[in-house]
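# Summary of the model geometry
Here is what each chain is made of, one letter per residue.
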Amino acid sequence: MAKHKRLEEEGDMPVHFVSTKSVVLRFLFGLIFIALLGTACVLLGYYFGFIDAFNLNNPTDQTPVSTTSAPFTPYDPVAFAEPVPGEFFVGVGRADVTGPIAQVNMMGYANPAQTAAGLHLRLYSRAFVVADSSNRSRVAFATVDCGMGSQIIKLEVVKRLKAMFGNNTYTERNVVISGTHSHSGPAGFFQTLLPEVTSLGAVKQTTDAFIDGIVKSIVQAHTTSKKGRLRLGTDVVTEGNINRSPYAYLKDPQNERDLYNFNTEQDMTLLKFEHENGQPIGMFNWFPVHGTSMNFSNELISSDNRGRASSLFEKMMRKNGENISGNESFVGAFASANLGDVSPRTKGPICVDSGLSCDFATSTCDIPPRVKNCVAFGPGVDMFDSTDIIAKKQFDTASHIFNKSGEVLDGSVGWVHQYVDMTKAPVKMDDGTTTYTCKPGMGYSFAAGTTDGAGAFNFVQSMTKGTLLWDAVRDDIIVKVVCSEPPPAEYYDCHHPKPVLLPTGYMDKPYAWHPTIIDIQMLKIGQLIIIAVPGEFTTMAGRRIKAAVKKEAAQHGLPNAKVVLAGLSNVYTHYIATPEEYTAQRYEGASTIYGPNTFTAYYQKYSSLVQAMVQGTQGKVDPGPSPANILDKQVEFLPPPSPDKVPSGKSFGDVVSDVKAMYAQNDKVSVMFYGANPRHNMKIGSTYLAIQQLVNGSMWKTILVDTDWETTFAWKDAALKTSPKTERNVITALFDIISRTTGAASFDYESAMQLYEQEGSTLTPTLRDVIRRAGSKHLSNSVDTGLFQFKRNSVNAEAPSVESHVTVEWYIPAGQQSGTYRVAYFGDHKTGEASPTPFTGYSSQFKVQA
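Computed from a prediction, not measured in an experiment: that's the story for all the values here. (Residues numbered from 1 in each chain as written. Predicted model: local features only at pLDDT ≥ 70, side-chain atom pairs only at ≥ 80, totals over all residues. Heavy atoms only, no water.)

### Some thoughts on unusual backbone geometry
In this chain, I367 is followed by P368 through a cis amide linkage whose omega measures -5°. Relative to the elements of secondary structure, P368 occurs in the loop between β14 (348-351) and β15 (374-377). Omega for the peptide link from G378 to P379 comes to 5°, which places this bond in the cis form. Looking at the secondary structure, you find P379 in the loop between β15 and α8 (383-402). At S462, a residue that is not glycine, the phi angle is positive and equals roughly 70°. Mapped onto the elements, S462 comes out in the loop between β22 (453-454) and α9 (468-482). Backbone geometry at N666 places phi at a positive 75°, although glycine is not the residue there. Considering the arrangement of structural elements, one finds N666 in the loop between β31 (662-664) and β32 (668-675). (Helix = DSSP H or I, 4+ residues; strand = E, 2+ residues; numbered from the N terminus.)

Okay, structure coming up:
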C-alpha cells in the first residue's frame, strides 16, 4: 500500500491503479449497493404509486364517508407486481341523485298524469370498485335508484371519469350502470325519444343529478379502496314476488319449466365487501322484483322497495356517531335482476269493479274487455305498507346471507364489452341458417300496460292482430309525420307475430326514438360473473342466459363460476322475452323491440364473449360501432319554475296550519308552511326537512331528515285547480310530443275512436279522411331542435308568481322517545334571475308521549 501511495504522489503510474483484490472487493460492494438502491426505488415507487392510485389519506373505518369528493389530478394507473389470486382492492361509495321532486313526470308507468309533487325517499347511486392486487385490472358497478340505465348517462359518466383518472382507468368497457327500476323517480334522462314521451322530452335537472351522483359514488368507491376480501352467498326470499304474465311463461317448454319449482326466481345472491381486517364496508345483492310497490297514483319521489331495503340495511350497519340517514359509511345496495315479468304485488290481479278474476290471457275485465280495471295488489293494505313489506322480505334474506361466512372469491378481475348494432344482429338458427334481428318496434300490447299499471283506451294484452283504426293512425299520421321514410312490408313481417303499433326503428324526428347501438357487457370478479343486460329480461330468459354463460365459463377454464344478471344496465331496450313468450304477445313480448329473435341474439352474443373474459383476452374483442352522444340535441318542454310569492304580511317559512300540542306513538304530525318551488334548489346531499328533538332544554338535535321512511314532504301550487278528469295515457302523450316536436296538428283521437266503434269497428271513408287530414296538417316539415334544446334552469320570469304550500308529515313510530319536538322546513325562494334565497320555517313545539 505504501508503494502505491508513493507512486501516486510521484506521478510514476496512473492514479486509478489498484490491486486485483481491491478491484474484486469494490466490484462486489458496488453490486450490493446497486441492488439495495434499486430495491429502495421500487419500494418507494410502489408506495407513492399506491397512494396516488387509492388516495389512502381518506377517512378511516371509524369515520363516516362524505358523499362529496375532493378534486382529482388526472393520472394513468401504473401496473405493479403480478396479481395475487384472492387478493383485491375494494371500495364502495354512495351519492345522492334525487333530482327534481316537483312538476316533473315520473319514469316507469308511462303515465303522463303521474307528476311529482314531493318526496318520500331520496334516490341514491351506490357503487363498488374492485381491482386486482396488481392494479392492472379493475371494474366499477353502480346501481342507481332510477327507472333504468340510460345510454346518455353512461356516456357522460365515463367521459367525466376519464377526465379525472385518464383514458384507461374507467371506460365504457369496465363500468356498469344498472337501474333499480323504481317507478317513482323523475323522468327525462334518455337520448332517445320514446322513453321521454310522457315527460314531454328530456329534463335537464334529472339528467344532471343522475350523472353528477353516479360519478361521485364511483369516485368515492375509488378513493376509499383498500385491500380486502369478497364473500358470496345465496338464499331464498320467501313470498317476495309473483309472475305477472303466467300466460306467457306457460309458452316456455314444459320440460324446461319442470326444472324449476317456481315461475319466478326467488334466490337472492349477495356480495359482501370487507377490509382485510374483517371490517365490513358494503353489501350488494341481486334479486328480481319490479319497483312497482308504489302505484301510479303516487306523487312522492321514492326509491320504492329496493331503496327502503337499502336504507334498512345501512341503518342496521351504522357505526357510533352515524345518526343521520344517507350519511352512513356502510353501503348496502339492492340491485335488479331478471325482473321483466316479476311483480311485487303478491296478492295478484283482480277486477276492481266486480271482484272477479281477470281474463288470464288478456288481463281484462268487463264487456267490451278493458285493461284499466284489472289491477294487482298487495301484500299490504296500501302502497306504503306493501313497499315496506316487500322491502323487509329482501332485507331479512340479505341480513341472513350477510351474517354467514360465505364463499370467498378467488381469482382474477376482468370484463368484456362490445357494442352491437341490434337492428341487424345475426342469429344462427337451429337448422344452420342465419337470420337477423329487426329494426325496433313496439307492439299493440305495449299500449295495454300491465297489471301493475294499466294502459290506454281499448288496447289489451296478447294482441297478435292490429286494428283498422290504429293501423291507419300509424300509417297516415305517425309514419308521415315522424318517419323520414316509411317502413317497408319486410319490416312488419320481421316482427311477426307482433302487430307493430309504433315503428320506432323508422321514427327519427326530431331524433331517434329507440337505440340501435347496444352495450353487451360482463364483469368478472374471481368466480363471480355479472351479466349486465340492457333491459328487462323475463324470468326464463334470465335463467337461460345465466346457464349458457356458466356453461361457457366452465368450458374455458372457470368451472366454479357463479353467475348473476344485472338488469336494466347501461342502455334501455325495454323487455327481452324468450321466443316462445314472444308468441303470446303479452306486454313483455310486445315490448321486445328487436323482434322474435331478440333474446336469441343476446344469448349467442353473450355466450360468444365469455371465453375472452375468462381467459383475459378481452382486449382482442372487436369493440364494435360506438353510439353517438346527442346530449346537446335533447328537446325539453318542461318550463322553468315560476317566481315565488307569499300573501301580504307573510314571510316564506311561516306556518299556514300548525301542529297540535300533544301526540302519541303511531300518530301523524302534520304542518303546512308558506313555501317555494323545490326545483329552485334540489337539496342534493342535503334535506328539505328535519324532525328535531329538544335536548337538555336548550339545544335542538336533528333526528330525522327527508330520506327517512317516517317523513314525507309534499309541495303544491296553492292556486292550481284540479282539472276535469280526462284520460291521459301513453298514447295521448305520444301525440302531444309529436305535435310539439314536429309542428303537426293535434289528432282528435277520442272522436276517431267513438266514430270507429259506432261504425262497428270499420274504417269508413269519413274516418279515413279525418285521419289523413290530421297527418297532413304540418306547421313545418322539420323541427328546429335548437328551439327546444336543454334549457338553463332559470326562473320563468314571464310567468306570474306562484304561492306554494309545503306540507311536512311525520309518522311517529312505536317506541319513539317521549320529549319535545318541532318540524323544520328548509326552502329557497326565487324572483327574477337572482340566485335563490334560503329560508327556514319551524312549527310550534309539541310533545310526544310514549
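### Things to note about the state of the cysteines
One pass over the structure, following the stated rule, counts three disulfides. Between the sulfur atoms of C351 and its disulfide partner C365 the distance amounts to 2.0 Å. Torsion about the S-S bond of the C351 and C365 cystine: about -95°, corresponding to left-handed handedness. Residue C351 is located in strand β14, and its partner C365 is located in the loop between β14 and β15; the two are separated by 14 residues in the primary sequence. For C351, a relative accessible area of 4% gives the class buried. We classify C365 as buried; its relative accessible area is 3%. Two residues, C358 and C374, share a disulfide whose sulfurs are 2.2 Å apart. Where C358 bonds to C374 through sulfur, the torsion about that S-S bond is close to 115°, and the disulfide is right-handed. Taken together, the positions of C358 in the loop between β14 and β15 and C374 in strand β15 put the pair 16 residues apart, joining distant regions of the chain. (Disulfide = S-S within 2.5 Å. Buried < 20%, exposed > 50% of the residue type's maximum accessible area, 1.4 Å probe, protein only.)

### Let's talk about the nonpolar core
With 154 residues, the main nonpolar core has F459 and W470 as its most contacted residues. Excluding residues within four positions of it along the chain, W470 makes contact with Y444, F457, N458, F459, L501, I731, F735 and M753. Formed by 28 residues, the second largest nonpolar core is a distinct cluster that contains V176, V331, A335 and A566. (Core = buried A, V, L, I, M, F, W, Y, C linked by side-chain atoms within 4.5 Å. Contact = heavy atoms within 4.5 Å.)

### Some remarks on helix α4 (residues 204-223)
Look at α4: 28 Å from first C-alpha to last across 20 residues, which is about the 28 Å you get at 1.5 Å a residue. Taken across its 20 residues, α4 has 16 buried, putting it largely inside the fold. (Expected span 1.5 Å × (residues − 1).)

### Some remarks on the pattern of salt bridges
Counting across every chain of the model gives 36 salt bridges. In this structure, D388 and K392 form a salt bridge, with 3.1 Å as the shortest nitrogen-oxygen distance. Linking D388 with K392, this pair stays in helix α8, spanning four residues, or about one helical turn. With a relative accessible area of 12%, D388 lands in the buried category. As a salt-bridge pair, K480 and D476 come within 3.8 Å of each other at their nearest N and O atoms. In this pair, K480 and D476 both sit in helix α9, four residues apart, roughly one turn of the helix. Residue class for K480 comes out partly exposed when judged on its relative accessible area of 46%. Among the charged side chains, a network of salt bridges with common partners joins R94, R126, D145, E314, R318 and E328. (Salt bridge = Lys/Arg side-chain N within 4 Å of Asp/Glu carboxyl O.)

### Observations concerning the side chain of T712
Summarising the element assignment, T712 is placed in strand β35 (residues 711-717). What makes T712 buried here is its relative accessible area of 7%. Each residue touching T712, except ones within four places of it in the same chain, is listed here: L119, H120, L300, L689, T807, V808, E809 and Y811.

### Points about the sheet that holds strand β17 (residues 413-421)
On the basis of which strands lie adjacent, the open sheet formed by four strands has the order β17-β24-β25-β27 and mixed pairing. On the outer flanks of this sheet lie β17 and β27 (562-566), each paired with one strand and no other. Taking each pair of neighbouring strands and ignoring which way they run, the sheet shows an average axis angle of 15°. Across nine bridges, the pairing between β17 and strand β24 (residues 517-525) is antiparallel. Its bridge partner lying in β24, D421 is registered against I517. (Pairing = 2+ DSSP bridges. Axes fitted to C-alpha atoms, helices over the stretch in contact; angles between N-to-C directions.)

### As for the packing of helix α3 (residues 151-165) against α4
In contact at an axis separation of 9 Å, α3 and α4 are set at 45° when each is read in the N-to-C sense. Here α4 runs oblique to α3, going by the angle between their axes. Where α3 crosses over α4, the handedness of that crossing is right-handed. Side by side, α3 and α4 meet where I153, E156, V157, R160, L161, M164 and F165 of the first sit next to T207, F210, I211, D212, I214, V215, I218, V219 and H222 of the second. Looking at the contact of α3 with α4 residue by residue, the class counts come to eleven nonpolar, two polar and three charged. (Parallel < 35°, antiparallel > 145°, perpendicular 65-115°, else oblique. Left-handed = near helix turned anticlockwise from the far one by under 90°. Nonpolar A, V, L, I, M, F, W, Y, C, P; charged D, E, K, R; others polar.)

### Some words on the side chain of S329
Relative to the helices and strands, S329 resides in the loop between α7 (304-316) and β12 (331-335). According to the relative accessible area criterion, S329 is buried, its value standing at 11%.

### So, the packing of aromatic side chains
Taken as a whole and assessed by the stated rule, the structure comprises 39 aromatic pairs. With 4.9 Å between their ring centres and 75° between their planes, F189 and F210 make a pair best called edge-to-face. Of this pair, F189 sits in the loop between β7 (185-186) and α4 while F210 sits in helix α4, placing them 21 residues apart in sequence. Each member of the pair, F189 together with F210, is buried. Seen from their ring centres, F330 and F402 are 5.8 Å apart, and the 85° between their planes marks the pair as edge-to-face. Taken together, the positions of F330 in the loop between α7 and β12 and F402 in helix α8 put the pair 72 residues apart, joining distant regions of the chain. Through a chain of ring-to-ring contacts, three or more aromatic side chains come together here, namely Y444, F457, F459, W470, F735, F747 and Y749. Across from the ring centre of Y260, 3.8 Å away, lies the NZ or CZ of R543, which sits over that ring. (Phe/Tyr/Trp six-rings, centres within 6.5 Å; stacked < 30°, edge-to-face > 60°. Lys NZ or Arg CZ within 6 Å of the ring centre and 35° of its normal.)

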